[in-house]
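Coordinates in review
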Amino acid sequence: MVALHGTVHQKGSLAPVVSAELMLISMGSTAPADSRAAMTDAAGNFAFGGLSAGAYRLAVGAVGFRPLQLTITLTGGVERLRLALEREGYAHPEITVEAKALEAPSVQTITREEAKAVPGTAGDPLRAVTALPGVAQASDIDSNLYVRGGGPNDNALYADGIPAGYPYHYQGVASTFQADTIKNLTFYSGGFPARFGDRMGGIFDLHTRDGTEGRLAGALDASLIASSLALESPLGVPGLTGVASARRGYFDFVLPRRITDVAVPRYDDWLAKATWKTGTMGTWRAEVFGARDDAAADVKNPSSPALEGRYTWEHAYRVGALLWAGASGDWSADAAVAGQAASSEIDLAGDYFYNTRPEEVYARAGVGRIAGPHRVSAAVEGAVTRYRLDAYFARL
């Protein structure tokens, strides 16, 4: 009987080839008894035993190496063999990958229909962004967003390209725009275009619906905490449509009236928009929208009469805008002018009163051109902001 021992190493080095497969087949017969298989160990060694003298065909293969085949003749005793395998690359069929150029590397657009498929959002794209990578919220009832480590105050909300107020009522009870009035939301978690200024967090670029050109349609929604109504309709002039919505939260109605030392919250928001698609003269849009949050508590404290009184808090914003957009061939242009008034007020039983009212006028104009696979654009914008402050502090 004959035994065959050996090693398998990489060609050009002494590195062993681990788990190489070897098949030894007798040249005189194809019967299964004349075929042997083996595999190299961690040192590249292999062994065949109990062989008959004669001619054999040896095939060696390993992942990442060229297959090796040779004919050997065994005469007797223990014979040793040293084999070298040559490295080879893996040739994969050619794959062509094509993709559209992105305006920004970290941007996601969520439609109203897509938002409805996200659990816990009530179809609201402003809440659906919590499911995107790099975005987190403080808790299940707090929708203020932390984008890539930035705080909620680092984010910014734009509605139809106009700087708007805050995105959520009461830390996330609901967004300040009804889901039925939203067309889509483009969310930038970083690397956003220069037109969004110097924000360090995320950008909510919200686009509202233009309204139907068919017939009057609407949606009514009622729940235990709020009710809303949205209507859309053509306005009697070809190409002119309108959409309007209003929502009112009624925690102040639902909670028991006997709760006096707890601030009962209330919120509302509204939107009205008219769109005129003129064709050759472009598309004109006029819109107004706003939101308000407030809370009040009547505090009674017989042991400390100085603390008794009515405590109130209010936060609100209102925006009015006129927008135009048009295109001719490869060229496009847009312009917008808007005014915003916001307010924040705290009144602690008359002993402490603080009210700030920022007012801003905003204007923007831009032009763009599609040149082959590229889009070149330029724009200019400006804003004038005035702050009004009223404050009173009682002498302690």
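Here we summarise the structure given alongside this text.

Rules used throughout
- Residues numbered from 1 in each chain as written.
- Predicted model: local features only at pLDDT ≥ 70, side-chain atom pairs only at ≥ 80, totals over all residues.
- Heavy atoms only, no water.
- 1 Å grid on protein atoms, 1.4 Å probe; cavity = no way out; pocket = protein on both sides within 12 Å on 5 of 7 lines; lining within 4 Å.
- Points joined across faces, edges and corners; volume = space filled by probe spheres on them.
- Helix = DSSP H or I, 4+ residues; strand = E, 2+ residues; numbered from the N terminus.
- Nonpolar A, V, L, I, M, F, W, Y, C, P; charged D, E, K, R; others polar.
- Buried < 20%, exposed > 50% of the residue type's maximum accessible area, 1.4 Å probe, protein only.
- Pairing = 2+ DSSP bridges.
- Axes fitted to C-alpha atoms, helices over the stretch in contact; angles between N-to-C directions.

Time to look at empty space enclosed by the protein. The tally for this structure, following the rule as stated, stands at two cavities of 30 Å³ or more. As a volume, the largest cavity reaches approximately 40 Å³. Forming the walls of the largest cavity are Thr 176, Phe 177, Gln 178, Thr 181, Ser 245, Asp 269, Trp 270, Leu 271, Phe 289, Gly 290 and Tyr 317. When residues of the lining of the largest cavity are traced back to their parent elements, those giving at least two are strand S20 (264-277) and strand S21 (283-299). Among the elements that take part in the lining of the largest cavity, S20 stands out by supplying three residues, more than any other. Here the lining of the largest cavity is composed, by residue class, of five nonpolar, five polar and one charged. Taken as a whole, the second largest cavity encloses approximately 30 Å³ of empty space. Lining of the second largest cavity is provided by Ile 162, Pro 163, Ala 338, Gly 339, Gln 340, Glu 360 and Tyr 362.

Glancing now at unusual backbone geometry. Leaving glycine aside, a negative phi is the common case for residues, and trans is the common case for peptide bonds. A positive phi angle, close to 65 degrees, is found at Ser 19, a residue other than glycine. Within the secondary structure layout, Ser 19 lies in the loop between strand S1 (2-10) and strand S2 (21-26). Backbone geometry at Asp 160 places phi at a positive 55 degrees, although glycine is not the residue there. Counting through the fold element by element, Asp 160 comes out in the loop between strand S11 (156-159) and strand S12 (162-163). For Asp 160, a relative accessible area of 12% gives the class buried.

This next bit is on the sheet that holds strand S7 (residues 77-85). Sheet architecture is open: three strands sit in the order S4-S1-S7, paired in mixed fashion. With one partner strand each, in any of the chains shown, strand S4 (45-51) and S7 form the two edges of the open sheet. Averaged over all neighbouring strand pairs, the angle between strand axes comes to 20 degrees, with direction disregarded. For S1 and S7, the ladder comprises nine bridges, and the chain directions are parallel. By the bridge assignment for S7, His 5 is matched with Arg 80.

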